Structure formats: structure tokens, C-alpha cells
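Commentary on secondary and tertiary structure
Below, each chain spelled out in residue letters.
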Amino acid sequence: MSVPDPFGLQLAKYTNVAALTILIYDYFTTLHSEVQWTWGRKWGVIRIAFTISRYAPLIGALMTSYSAVKTWGTQDCAPFNDALNGIHFLGFIASEGLLICRVYAFSGNKRAYLIILLSFGLVILVTSVILSAAPINFNISGPVAPHCVLEGARSSAFPYALLAFFEIVLMSITVFLRHRHYLGSHTVLVKSIYHDGLLYMFGIMMISTGNVIVTAVLPLSYSEILNTPQIVAHSVLASRILFNLQANRETYQFTNSIELLSRAHEFQARPGGSVMTDQPDEA
């Protein structure tokens, strides 16, 4: 069992609470967009995924900050930590699900891409859960953190590495689709899906890489400094790129704003760089 470094633990507390503050600030500054683009809309896959990606990280960030400042003593923190990890994974799944929908729409709603992305994402998810929860000895050097101290394990670097790899794959597919189907297109809608998607993937890849380095290299007392910042990045980026997409659709005078990524006939890719967007059905 390691002897926690007071400075590292304190730094982790500060960064987690600071990230929660950023998330709360972003929530209230974008609440008007959420009301405009989601409230009163029909519940579907996209709205459910958005709602989870919006609120699960908020709950997880609150719980992480509470755990960071609480003195557990002899209390059993395992049930709390299990619930916290579950909420974190739920937020990640929802955010990445929205991203998969964007790539699927960018492909012209081709089922082959959807099947490949969902299958690959499922493999990444299952592997990450096993690496995070299963008591597997990876023969990674370093002491084991105390049970109820804000410290992670060296093996936690593996799920972050898988997430970074997943983002790299999605970025590669997005760039491929851009050059294959939309090379000659400069519409606002195409640019929104392409550039915002790449921004999201790159941001998550960078912070995931940072988590890998912090967890695998630095002393364990520093291992949680990017815990809440990771889920905040997922939530903030996922929300903002969706709001930006809906704002760009408003320019095109589309009326069913929340349904874009789930309706195949509105966004179709054509070989040779042309784009076809049909008018939405009347309500």
C-alpha cells in the first residue's frame, strides 16, 4: 500500500472541483440552447443520448468532487465508487454514441458504417470495463493505492488508451468520408459535421492521452487530476457541437432540428463530392 503524497492528492482535489465549476458554468451558459433545440422535441435515440451525455457527467462530477473532499475513515466507499464508475461509463457511452451518429450521418447513413462503428465501439467498451473492474494482474510496477483515497491504479491507463485509439479511428474514418464524398462541397452543414466532429475527437484524444501519461508515469497521488476534466470534456464538447449543428440547420430552414442524425433521407452523400439534403416531412 502506498503512502499518499499530500500535494498530489490536494492537486487532484483542486482540478476535480475546478472541472465541476467549469461544467456548471457551461451548463447554464448553454441552457438556452438546450431549451431551444431539445425541450418539447420527440424522444428518440439522439435526444436520449444527448440527455445522458449532458446530465450523467454532471452527476458524476458532483460525486467525484464529493468523494475528493470527504474523509471516509472506516466507511466502506466501494459501493459509492462502483456507482460513480458506472455513471462515468454511462456518460462516455452516450457522448461517443452521439459521435458515432455524426459519423454515420456523414457516411450518408450507410448501414455498413453503422454496424462497423457499433461493433468496434462495443469491443472497446467491453475491454475497458474488464480492464477497469476485473481483478487482473497486469504486472505493472508501482504500489497499490489505499482503498478510499483519491488515487487510481496503474491499470487505469489502459481504458484511456483504448478511448484515445477509438477517437483516432473515428477521426480517420471522418477524414476518409470527407475526401471521398464531400471534397467539392463547402456547405455550412457539411463543414459543421466535419470540423466540429474532428474538434471533438481531437480534444477527447488529447485529454485521454494526458490521462494515460498521468496514470502510468506520475506517482499515484496524481492519477486522478484529470478524472473529472475527462468527463467534463466529453459533456461540454458533445453538447456544444450538437447545438452548433442545430444552429447551422436553422440557416437552412430545417424544422425538425433534433432529428437530423437519425433520419436517413435528410442527409445523403453522393460520390464525387456532391451533397443532397431533402426537405423534412411535415409534422
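The shown structure was predicted, so the numbers you read here are calculated from the model rather than taken from an experiment.

A look at unusual backbone geometry
Located in the positive-phi region is asparagine 109, a residue other than glycine, with phi close to 60 degrees. Note on asparagine 109: relative accessible area 10%, which makes it buried.

Quick notes on the nonpolar core
Side chains of nonpolar character tend, in soluble globular proteins, to be buried together. Grouped together as the largest cluster of nonpolar side chains are 33 residues, with contacts concentrated most on Phe106 and Tyr200. Of all elements in the fold, only helix H3 (45-69), helix H4 (78-106), helix H5 (111-133), helix H6 (157-181), helix H7 (188-217) and helix H8 (227-251) reach the threshold of two or more residues within this core. No other element matches the 8 residues that H7 contributes to this core. Excluding residues within four positions of it along the chain, tyrosine 200 makes contact with Ser95, Glu96, Leu99, Glu167, His234, Leu237, Ala238 and Ile241.

Looking at the pattern of salt bridges
When the charged atoms of two side chains lie near each other, side chains of opposite charge can form a pair. In total, this model carries 2 salt bridges according to the counting rule given. When the shortest N-O distance is used, the salt bridge between arginine 240 and aspartate 26 registers 2.6 Å. Note that arginine 240 is positioned in helix H8 and aspartate 26 in helix H1 (residues 6-29), a separation of 214 residues in sequence. Aspartate 26 gets classed as buried once you look at its relative accessible area, which sits at 5%. The salt bridge partner of arginine 54 is glutamate 34, with a shortest N-O separation of 2.9 Å. Taken together, the positions of arginine 54 in helix H3 and glutamate 34 in helix H2 (residues 31-37) put the pair 20 residues apart, joining distant regions of the chain.

Some points on the side chain of serine 128
Of note, serine 128 is situated in helix H5. Judged by its relative accessible area of 7%, serine 128 falls in the buried class. If we ignore the near neighbours within four places in the chain, the residues touching serine 128 are Phe89, Pro159 and Leu162.

Observations regarding the packing of aromatic side chains
In this structure the tally under the stated criterion is 5 aromatic pairs. Judged by centre distance (5.7 Å) and plane angle (70 degrees), the ring pair of tyrosine 27 and tyrosine 55 falls under edge-to-face. Highlighted residues: tyrosine 27 in helix H1 and tyrosine 55 in helix H3, separated in sequence by 28 residues. On the accessibility criterion, tyrosine 55 (25% relative accessible area) is partly exposed. With centroids separated by 5.9 Å and ring planes inclined at 70 degrees, the aromatic side chains of phenylalanine 120 and phenylalanine 165 adopt a geometry described as edge-to-face. Placement of phenylalanine 120 in helix H5 and of phenylalanine 165 in helix H6 is noted, with a sequence separation of 45 residues between them. Its guanidinium or amino end placed over the ring of tryptophan 43, arginine 47 lies 3.9 Å from that ring's centre, counting from NZ or CZ.

Quick word on the environment of tyrosine 55
A C-alpha to C-alpha distance of 9.4 Å links tyrosine 55 and tyrosine 27, two positions 28 residues apart in sequence. Ignoring any residue separated from it by four or fewer positions in sequence, one finds tyrosine 55 in contact with Tyr27 and Glu34.

Some points on a nonpolar patch on the surface
A contiguous nonpolar surface patch, about 280 Å² in accessible area, is contributed by Ile24, Phe28 and Leu62. With respect to the helices and strands, the residue phenylalanine 28 is situated in helix H1.

Some points on the packing of H1 against H3
Running from amino to carboxyl end, H1 crosses H3 at an angle of 150 degrees, the nearest separation of the two axes being 9 Å. Between H1 and H3, the crossing angle belongs to the class labelled roughly antiparallel. Crossing angle aside, the handedness with which H1 passes H3 is left-handed. Residue-level inspection shows Lys13, Asn16, Val17, Leu20, Leu23, Ile24, Asp26 and Tyr27 of H1 in contact with H3, the latter providing Arg54, Tyr55, Pro57, Leu58, Ala61, Leu62, Thr64, Ser65 and Ala68. Tallied by class, residues from the contact of H1 with H3 come to 11 nonpolar, 3 polar and 3 charged.

Comments concerning H1
When the terminal C-alpha atoms of H1 are compared, their 35 Å separation across 24 residues agrees well with the 34 Å that a helix rising 1.5 Å per residue should span. Listed in full, the buried residues belonging to H1 are Gly8, Leu9, Ala12, Asn16, Ala19, Leu20, Leu23, Asp26 and Tyr27.

Considerations on the environment of leucine 245
Residue position: leucine 245 is located in helix H8. The exposure class assigned to leucine 245 is buried, which follows from its relative accessible area of 0%.

So, how was this worked out
- Residue numbers restart at each chain and count upward from 1, following the sequence in its written direction.
- Since the coordinates come from a predicted model, pLDDT governs what is reported: local features require at least 70, and pairs of side-chain atoms require 80 or more to be given and counted, while whole-chain, interface and lining totals use all residues.
- With hydrogens and water stripped out, all remaining heavy atoms of the structure feed into the side-chain values.
- Per-residue accessibility, obtained with a 1.4 Å probe over protein chains only, is compared with the maximum for each type, and a residue is labelled buried under 20%, exposed over 50%, and partly exposed between these values.
- Residue types Ala, Val, Leu, Ile, Met, Phe, Trp, Tyr and Cys, when buried and joined through side-chain atoms within 4.5 Å, form a set referred to as a nonpolar core.
- Each helix corresponds to a stretch of at least 4 residues labelled H or I by DSSP, and each strand to a stretch of at least 2 residues labelled E; elements are numbered beginning at the N terminus.
- Here, two residues are considered to be in contact whenever any of their heavy atoms come within 4.5 Å of each other.
- Think of a salt bridge as a Lys or Arg side-chain nitrogen and an Asp or Glu carboxyl oxygen that are within 4 Å of each other.
- Stacked, tilted and edge-to-face are the three classes assigned to paired rings of Phe, Tyr and Trp, where Trp is represented by its six-membered ring and a pair needs centres within 6.5 Å; plane angles under 30 degrees give stacked, over 60 edge-to-face, the rest tilted.
- Counted as over-ring charges are cases with an Arg CZ or a Lys NZ within 6 Å of the ring centre that also lie within 35 degrees of the ring normal.
- Only residues whose relative accessible area exceeds 30% and that take part in no salt bridge are eligible for patches, with like-charged residues grouped when within 9 Å of each other and nonpolar side chains (Val, Leu, Ile, Met, Phe, Trp, Tyr) grouped when within 5 Å.
- The accessible surface values rely on the Shrake-Rupley method and a 1.4 Å probe; as for residues, cover is taken only from the protein chains in view.
- Orientation is described by axes fitted as lines to C-alpha atoms, over the contacting stretch for helices, and by angles from 0 to 180 degrees between their N-to-C directions.
- Each angle receives one of four descriptions, namely roughly parallel if under 35 degrees, roughly antiparallel if over 145, roughly perpendicular if within 65 to 115, and oblique otherwise.
- Left-handed describes a crossing whose near helix is turned anticlockwise from the far helix by less than a right angle; the clockwise case is right-handed.
- Each residue gets one label: Ala, Val, Leu, Ile, Met, Phe, Trp, Tyr, Cys and Pro are nonpolar, Asp, Glu, Lys and Arg are charged, and the others, such as Gly, are polar.
- Each helix should span, by expectation, one fewer than its residue count multiplied by 1.5 Å.

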